[in-house]
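Each chain, written out:
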Amino acid sequence: MATSVDLEHRPLTRGPRGAASDAPLRRAAGSGFRLRLAVAAGLMGAGALVVAAVVGGAAGTSAIADPGAVTRWGLLVARTVYDVTAMGTIGILVVAVVLLSTASSALSTESQRLVRVAGRWSVAWVTAAAVSVPLTLSDVAGIPVWETLAPDVFPLAADLPQTRALLSSAWLAALVAVGSARCRSTALGWLLLVTGVGALLPLLLSGHTGHGDQQAAAVIGLTSHVLAAAVWVGGLLALGVHVRSADLLAVALPRYSRVALACFALVATSGIVMGWVALTEPGELLSTAYGQLLLGKTAALGALGALGHRQRRRALPSVAARRPHAFLRLAAVEIAIMVATAGLAVGLSRTAPPDGGDHAAAVTSMTDVRRAEAART
């Protein structure tokens, strides 16, 4: 592909057009832009998480054994950070290895830099996973989080499915962090991407160990949902925040736009499948907390779809003309909504679905079963 060869072997244009196109991107996507975006996305994510926790009851005390407010809220925050950093890691690797691919076996200079950026995101992912281990153990055992560090309690982390999954994810994400520091080849970039995807899977599968058609549908739907969201959200994050050249953005954005459309369709379809599994009748969308949060996620998805359509119609031509400001403004709004949606998703994952279906019963009883296992141990 001619474009790929140019990215690897030809320096960016240094004439008037190149000079005029790269400077505005550096100013628009500089440290001030990133700080404002981080603050806005953090506030929207925190607000959505609080609303979801209150509406869904995740912040409420447990009827069996309450681990305390630190565990209840800490687990929600840690899981949100876990999800966002995981999506950031995978999406940035997709941009570096796939969307900015070259005809050479070596990664371009910009791709190597993005892989190192993904490595920094994966360090945050490892940290969130590690913090989640004692919080999850506290939640399962129904004891304050500091008591989980006792010698006779903490070893349970190796026995419980969800803490084992978190440890597996942390280990694989750590491999991405280490490997990204010296990644120069496309083959190693692909290996890091596959490892990052693998790090997502243990936690997705840990809560769905039952049998039956509904359990299979839940596993397939959830896995497809999260992987597509990771590529979609993380890819936009990479392009909107971490790509510094308007010329490279003009190459990568049209490719990402096609990938994002496919991810949007997959996220919507898998969300419908999971909603069908969890709910027994349409009326539960309005009459239950689970259904109301599901409607909130659906509304956010619709808003992101509308913004994506606007990006394709207006921002793509501007980026092709080396005027990235319209894209960056819309991308900032999209990223903030995506982080808020992640907060809603975490609250939804901690909300019991309506009684009636196999999946609903499994999710509702999950914590009780784990607490019983911990008590027996």
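Residues numbered from 1 in each chain as written. Predicted model: local features only at pLDDT ≥ 70, side-chain atom pairs only at ≥ 80, totals over all residues. Heavy atoms only, no water.

A.B. asks: Explain the overall build of the chain to me, and be specific about the residues and the numbers.
C.D. replies: On a plain count of helices and strands, the chain comes out with 13 helices and zero strands. Put simply, the chain runs from its N terminus to its C terminus through helices and strands in the order α-α-α-α-α-α-α-α-α-α-α-α-α. Across the 377 residues in the chain, those meeting the buried criterion constitute 52%. Taking as baseline every contact in the chain between residues at least 6 positions apart, the subset at least 24 positions apart corresponds to 78%. Of the accessible surface of the chain, which amounts to about 16,700 Å², a share of 66% is contributed by carbon and sulfur atoms. (Helix = DSSP H or I, 4+ residues; strand = E, 2+ residues; numbered from the N terminus. Buried < 20%, exposed > 50% of the residue type's maximum accessible area, 1.4 Å probe, protein only. Contact = heavy atoms within 4.5 Å. Areas by Shrake-Rupley, 256 points an atom, 1.4 Å probe, with all protein chains shown as cover.)

A.B. asks: Describe a positive patch on the surface, listing the residues and the values that go with them.
C.D. replies: Taken together, the side chains of R34, R116, R120, R182, R184 and R244 present a region of like positive charge at the surface. Its place among the elements puts R182 in the loop between α6 (161-180) and α7 (186-206). (Patch = residues over 30% accessible without salt bridge, like charges linked within 9 Å, V, L, I, M, F, W, Y side chains within 5 Å. Salt bridge = Lys/Arg side-chain N within 4 Å of Asp/Glu carboxyl O. Lys, Arg positive; Asp, Glu negative; His and termini not counted. Charge placed at Lys NZ, Arg CZ, Asp CG, Glu CD.)

A.B. asks: I'd like a rundown of unusual backbone geometry, residues and numbers included.
C.D. replies: Residues apart from glycine generally show negative phi values, whereas peptide bonds are mostly found in trans. Positive phi, close to 60 degrees, is recorded for R322, a residue that is not glycine. Turning to its location among the elements, R322 is positioned in the loop between α11 (289-320) and α12 (325-349). Classification of R322 as partly exposed rests on a relative accessible area of 22%.

A.B. asks: I'd like a rundown of the packing of α11 against α12, residues and numbers included.
C.D. replies: Put simply, α11 and α12 touch, their axes get as near as 9 Å, and they point 165 degrees apart. It follows that α11 is roughly antiparallel to α12 by the angle criterion. Relative to α12, α11 is oriented so that their crossing is left-handed. Taken together, the residues that form the contact of α11 with α12 break down as 18 nonpolar, six polar and three charged. (Axes fitted to C-alpha atoms, helices over the stretch in contact; angles between N-to-C directions. Parallel < 35°, antiparallel > 145°, perpendicular 65-115°, else oblique. Left-handed = near helix turned anticlockwise from the far one by under 90°. Nonpolar A, V, L, I, M, F, W, Y, C, P; charged D, E, K, R; others polar.)

A.B. asks: Could you give an account of the packing of aromatic side chains, with specific residues and numbers?
C.D. replies: Applying the stated criterion to the full structure yields two aromatic pairs. Ring plane angle 85 degrees and centroid distance 6.1 Å describe the contact between Y82 and W125, whose orientation is recorded as edge-to-face. Linking Y82 in helix α4 (residues 69-99) with W125 in helix α5 (residues 109-141), this pair joins segments that are 43 residues apart in sequence. Residue Y82 shares its accessibility class with W125, and that shared class is buried. (Phe/Tyr/Trp six-rings, centres within 6.5 Å; stacked < 30°, edge-to-face > 60°.)

A.B. asks: Explain the environment of T288 residue by residue, including any values.
C.D. replies: Note on placement: T288 falls in the loop between α10 (284-287) and α11. By relative accessible area, T288 is classed as buried at 16%. Along the sequence, T288 and A352 sit 64 residues apart, while their C-alpha atoms lie 9.8 Å from each other. In terms of polar contacts, T288 uses its side chain to reach the backbone carbonyl oxygen of E284, at 2.5 Å. (Polar contact = N/O pair within 3.5 Å; in protein donor to acceptor, adjacent residues only side chain to side chain.)

A.B. asks: Give a description of α6 that names residues and reports values.
C.D. replies: End to end, α6 covers 29 Å across 20 residues, agreeing with the expected 28 Å (1.5 Å per residue, within 8%). Of the residues making up α6, those classed as buried are Q162, T163, A165, L166, S169, A170, L172, A173, V176, A177, G179 and S180. (Expected span 1.5 Å × (residues − 1).)

A.B. asks: Quick one: what's the story with the confidence of the model for the chain, residue by residue and with numbers?
C.D. replies: Mean pLDDT over the chain: 81, with 82% of residues reaching 70 or higher. Long-range and interchain partners of residues 1-24, a stretch whose pLDDT sits below 50, account for 35 contacts in this model, where long-range means more than four residues apart. Low pLDDT (under 50) marks residues 208-212, which in the prediction has six contacts with non-local residues, meaning those over four places away or in another chain. (pLDDT = per-residue confidence, 0-100.)

A.B. asks: Please provide a residue-by-residue account of α4, values included.
C.D. replies: End to end, α4 covers 43 Å across 31 residues, agreeing with the expected 45 Å (1.5 Å per residue, within 8%). Here α4 lies mainly inside the structure; 22 of its 31 residues are buried.

A.B. asks: Would you mind going over the nonpolar core in detail, with residue names and values included?
C.D. replies: Counting 78 residues, the largest nonpolar core has W125, W232, L239, L253, Y256 and F327 as its most contacted members. Per element, the largest residue contribution to this core is twelve residues, and it comes from helix α8 (residues 213-242). Setting aside residues up to four positions removed in sequence, L253 forms contacts with L239, L316, V319 and F327. Grouped together as the second largest cluster of nonpolar side chains are ten residues, A52, Y290, L293 and A340 included. (Core = buried A, V, L, I, M, F, W, Y, C linked by side-chain atoms within 4.5 Å.)

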